[in-house]
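# Examination of the molecular architecture
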Amino acid sequence: MNIIWHEKTKQFHLYNDEISYIMYVQPNGEMGQLYFGSRIHDRDDFSYLTYRRMKPMVAVEAPEEDFSMELNRQEYPGFGGTDFGMNAYEAVYEDGSTVSNFKYASHRIFAGKDKLEGLPATYGSDEEAMSLVIILEDTRSKLQLELSYTIFQNYPVITRNVKFINQGDDEVILNKALSACLDLPDQEYEWMQFSGAWARERIPVVRKIVPGTLSIESKRGGSSANQNPFIIVKRSNTDEFAGEAIGMSFVYSGNFLAAADADTYGRLRLLMGIHPDTFRWPLQKGASFTTPEVVIAYTDKGLNGLSQSYHALYNNHLVRGKWKNRPRPILLNNWEATFMDFTQESIIKIAAKAKEAGAELFVLDDGWFGARNDDYAGLGDWVENTDKLPNGMKGLAEKINEMGLEFGFWIEPEMVNPDSDLYRAHPDWAFAVKGKTPALGRHQYVLDFSKDEVVDYIYDMLYQVIDGANIAYIKWDMNRALTDVFSNGTPAELQGCVYHKYVLGVYRLYEKLIAAFPDILFESCSSGGSRFDAGMLYYAPQAWCSDNTDGVDRVLIQYGSSYGYPISSIGAHVSAVPNQQTGRTVPIAFRGNVACFGTFGYELDLNHISEEEFCEVQEQIKFMKENRQLLQYGKFYRLVSPFETDQNAWMVVSEDQTKALVGVYTMRSNVNELDGRIRLAGLDRNKLYNINSCAYYGDELMCAGLVLNAENTRNYTMEQDYSSCIIRLSAE
Ligand code: DGJ
């Protein structure tokens, strides 16, 4: 890994063994992009990659006569000069103009990576990462722009973010400040996004790139189930195993915009950042604004290769604390078993059975506080409901601990029901605009987390409940989109900051709780997977993937989630049948075989299943305990897509390639078919792998394929709905 500055040609080359990222100071002083992709040799001068010829009707950067930004690739483009593509930022100056002219002034190169104050971000030590900050100065004002880059030693990844600093006396208003722009020299790509809605999150959608713009966004306050802040552009012949692709992942949990702008000269511009429609940030003298981070990854090893880079980077350089790289506890959550209708006694019965099955953690979900007996009341009143918990959280935790289980519980700190003591005392703490009845979502309002006093108040209440009780886990939920966003008492000119400040408030509360209780495992949740993003993973190493726990639908949701997020982050539980969302009855084996490619747990009362099923649950938990390190942290491969076939197959391989687990699932039976065959991946060609009583070389399994016959799969068949199996491979 290195970052080279070629003084004479004013070019930067960031590289490691896998990738090169090259940029330069353009003739007009602004930063231009030259190359991003597979590692190439360094040279003093890459200016052959620029375009220096006149074209009719093209505006040129005077006094140059042959240089136009439009015909060249930009690092962080503004608007108003000779580039007419989608701009990455907009600054409004005192005189009302929006034309900037950021010229290279200086740069710093250093080992390691700086923290982003108040924001989630990847991290790396001096040995693991190297960073570059380029300082640009606006010739028209005293606004400074810092473009930051980090390259990691072992990942084909560049992280980027920017900082605006107002060093002048006059106020500057930022109307747009995206985090990164990537200008590619051709448009032969397809765009992949991960779309959905509640209970059908992160379904891959591929769109053709044609001249013009295409984009995805969230303006819901959170990153949303509808569009995930992660995109891929891939060559049309790229598949899971080979070919080029570039990913952009936003380390942020609020409103975002991700766009592809294909111009009519063949340039493809990718942009990602905070959504400008809900953003207006005044910068007074001396003030600065730092954007969140974008993680840009490159692969020529297909989509599996791209995903594996994100998985490894996020496991090793985003997740922090005690739970980093640790196998996750097998939990039972009472939500689908009881909803809010429980007593301490009924909870203990459920927990006892979970313990008997081998679970390690019991999670008490919604309904333990205030007047919370249904979803009309109580949110905001983070005090135990003593009718349900006569000895408080501490008392229940003690009882659960005595059984040999860890204990955790549910919170939704960003919300308030109109019917709550908190709202009655502080109605002005909920978002609302004068003269309009605020919209409700699940009968609740959103608290104004842009205000420190609100965040601090909620922290104090939660602290009282957690402190003294032995709490191992917290599920942090968020069950509605933001509407009526207006911060009471905040000056008019700062209302455009509220959406972003809200997210900063969420991060601040997380940070305070983590600082006070560093060993707690946080699981983020937002009506399931409505805020499943890289920003959240910095605080909560796992995320409840979806409220849809149906085995078949979960295959699709977990498959889609795996493109951008590690298996260790995917909250996956076995729930009761018929499934509450789909009405489908899928065997417990199938449900378990899907959930084990995730953080694994149960979402039902095990007292209510048959003895035979209970034995199966005990077996599943035993299997998970033996294999979770491999399942959650092994190299994950998507093998057969459930979006293209009636089957699904995926696998994980240990780092030393001696162990692998393959999950195979029939979503819909195919009658009168021959045994299927799946080509495995990631094995050592020369190792002999045992599967039941058979043995095959890695090259056989990867080239000829694993035949899905009775010897290899025991009882799996493609001829029966919901048939599934996990095949274990082991080699010397
Ligand atoms: C939505 C979550 O996704 C569920 O798992 C559950 O925690 C409920 N909220 C509780 O209200």
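Preceding this section is the structure that the text describes.
The rules behind these values
Residues numbered from 1 in each chain as written. Predicted model: local features only at pLDDT ≥ 70, side-chain atom pairs only at ≥ 80, totals over all residues. Heavy atoms only, no water. Helix = DSSP H or I, 4+ residues; strand = E, 2+ residues; numbered from the N terminus. Rg over C-alpha atoms; globule rule 2.2 N^0.38 Å. Buried < 20%, exposed > 50% of the residue type's maximum accessible area, 1.4 Å probe, protein only. Areas by Shrake-Rupley, 256 points an atom, 1.4 Å probe, with all protein chains shown as cover. Lys, Arg positive; Asp, Glu negative; His and termini not counted. Charge placed at Lys NZ, Arg CZ, Asp CG, Glu CD. Axes fitted to C-alpha atoms, helices over the stretch in contact; angles between N-to-C directions. Parallel < 35°, antiparallel > 145°, perpendicular 65-115°, else oblique. Contact = heavy atoms within 4.5 Å. Nonpolar A, V, L, I, M, F, W, Y, C, P; charged D, E, K, R; others polar. Phe/Tyr/Trp six-rings, centres within 6.5 Å; stacked < 30°, edge-to-face > 60°. Left-handed = near helix turned anticlockwise from the far one by under 90°. Pairing = 2+ DSSP bridges. Core = buried A, V, L, I, M, F, W, Y, C linked by side-chain atoms within 4.5 Å. Near = heavy atom within 4 Å. Polar contact = N/O pair within 3.5 Å; in protein donor to acceptor, adjacent residues only side chain to side chain. Salt bridge = Lys/Arg side-chain N within 4 Å of Asp/Glu carboxyl O. 1 Å grid on protein atoms, 1.4 Å probe; cavity = no way out; pocket = protein on both sides within 12 Å on 5 of 7 lines; lining within 4 Å. Points joined across faces, edges and corners; volume = space filled by probe spheres on them.

Turning to the overall build of the chain, a few remarks are in order. On a plain count of helices and strands, the chain comes out with 13 helices and 39 strands. For the chain, whose C-alpha radius of gyration is 27 Å, the value lies close to the compact-globule estimate of 27 Å for 732 residues. Across its three principal directions, the C-alpha atoms of the chain cover 85 × 70 × 45 Å. Every one of the 732 residues in the chain was classed for burial, and the buried ones make up 61%. With an accessible surface of roughly 27000 Å², the chain has 47% of that area assigned to carbon and sulfur atoms. A gap of 2 Å separates the mean positions of the 69 positive and 99 negative side-chain charges of the chain.

Bringing the packing of helix 3 (residues 344-357) against helix 11 (residues 611-633) into the picture now. Put simply, helix 3 and helix 11 touch, their axes get as near as 8 Å, and they point 60° apart. Between helix 3 and helix 11, the interaxial angle falls into the category oblique. On the side of helix 3, the interface is formed by Lys353, Glu356 and Ala357, while helix 11 contributes Phe614, Val617, Gln618 and Ile621. When the residues that make up the contact of helix 3 with helix 11 are grouped by side-chain class, the tally is 4 nonpolar, 1 polar and 2 charged.

Looking now at the packing of aromatic side chains. Considering all chains together, one arrives at 51 aromatic pairs under this definition. Taken together, a centroid distance of 4.4 Å and an interplanar angle of 45° make the contact between Phe369 and Trp382 tilted. Here Phe369 is found in the loop between strand 22 (361-364) and helix 4 (392-402), whereas its partner Trp382 is found in the loop between strand 22 and helix 4, with 13 residues between them in sequence. Relative accessible area serves as the criterion here: at 1%, Trp382 is assigned to the buried category.

Attention now goes to the packing of helix 9 (residues 551-561) against helix 10 (residues 588-595). The contact between helix 9 and helix 10 brings their axes to 9 Å, and the two run at 15°. In terms of orientation, helix 9 and helix 10 fall into the roughly parallel class. Considering the relative orientation of helix 9 and helix 10, their crossing is left-handed. Residues Gly551, Val552, Arg554, Val555 and Gln558 of helix 9 lie in contact with helix 10, whose contacting residues are Phe590, Arg591 and Val594.

Let us look at the sheet that holds strand 28 (residues 542-544). Reading across from one edge, 29-28-27-26-23-22-21-31-30 is the order of the 9 strands in this open sheet, with parallel pairing throughout. Pairing within the sheet leaves two strands with one partner each, and these edge strands are strand 29 (570-571) and strand 30 (573-575). Inspection of the sheet shows strand 21 (residues 331-333) paired to strand 22 by 3 bridges, in the parallel sense. Note on strand 22: the bridge partner recorded for Leu331 is Leu361. Together, strand 22 and strand 23 (406-411) form the strand contacts of helix 4, whose direction differs from that of strand 23 by roughly 145°.

A word on the nonpolar core. Side chains of nonpolar character tend, in soluble globular proteins, to be buried together. Phe164, Leu364, Trp368 and Phe409 are the most contacted members of the largest nonpolar core, which has 195 residues in total. Considering every element that reaches this core, the biggest residue donor is helix 7 (residues 498-516), with 10 residues. Leave out the neighbours within four places in its chain, and Trp368 touches Phe342, Trp382, Val383, Glu384, Asn385, Leu389, Met393, Phe409, Trp410, Ile411 and Val465. Of all hydrophobic cores here, the second largest spans 25 residues; its members include Leu683, Tyr689, Ile691 and Leu701.

For the rest of this paragraph, the subject is the site of the ligand. Within the structure, the ligand sits among 13 residues, and Asp365, Asp366, Lys475, Asp477 and Asp547 are positioned closest to it. Between an oxygen atom of the ligand and a side-chain N or O atom of Arg442, the distance comes to 2.7 Å. When isolated, the ligand has an accessible area of 290 Å², and the protein chains bury 97% of it. Residue composition of the shell around the ligand, by class: 4 nonpolar, 3 polar and 6 charged.

As a further point, take the pattern of salt bridges. Under the counting rule described, the total for this entry stands at 40 salt bridges. Residues Arg267 and Asp83 are paired through a salt bridge, measuring 2.9 Å at the closest nitrogen-oxygen approach. With a gap of 184 residues between them, Arg267 in the loop between strand 16 (256-262) and strand 17 (268-274) and Asp83 in the loop between strand 4 (31-38) and strand 5 (89-92) connect regions that are remote in the sequence. For Arg267, a relative accessible area of 6% gives the class buried. Ionic pairing is found between Asp421 and Arg424, a salt bridge with its closest N-O pair at 2.9 Å. Pair noted here: Asp421 and Arg424 are both in helix 5 (residues 421-425), with a separation of 3 residues, about one helical turn.

Before going further, it helps to spend a moment on the layout of surface pockets. One number sums up the size of the largest pocket: a volume of about 1100 Å³. Around the largest pocket sit 38 residues that line it, and Gln308, Ser309, Ala312, Lys635 and Glu655 are the ones nearest its centre. Secondary-structure elements contributing two or more residues to the lining of the largest pocket are strand 20 (293-299), helix 1 (302-317), helix 11 and strand 32 (635-640). Residue contributions to the lining of the largest pocket peak at 9 residues, all from helix 1. Tallied by class, the residues present in the lining of the largest pocket amount to 12 nonpolar, 19 polar and 7 charged. Considered as a void within the structure, the second largest pocket measures approximately 750 Å³ in volume. Forming the walls of the second largest pocket are 26 residues, and the residues nearest its centre are Asn593, Asn715, Ser724, Cys725 and Ile726. Put simply, the parts of the chain that give the lining of the second largest pocket at least two residues each are helix 10, helix 11, helix 13 (710-713) and strand 39 (724-730). The leading source of residues in the lining of the second largest pocket is helix 11, at 6 residues.

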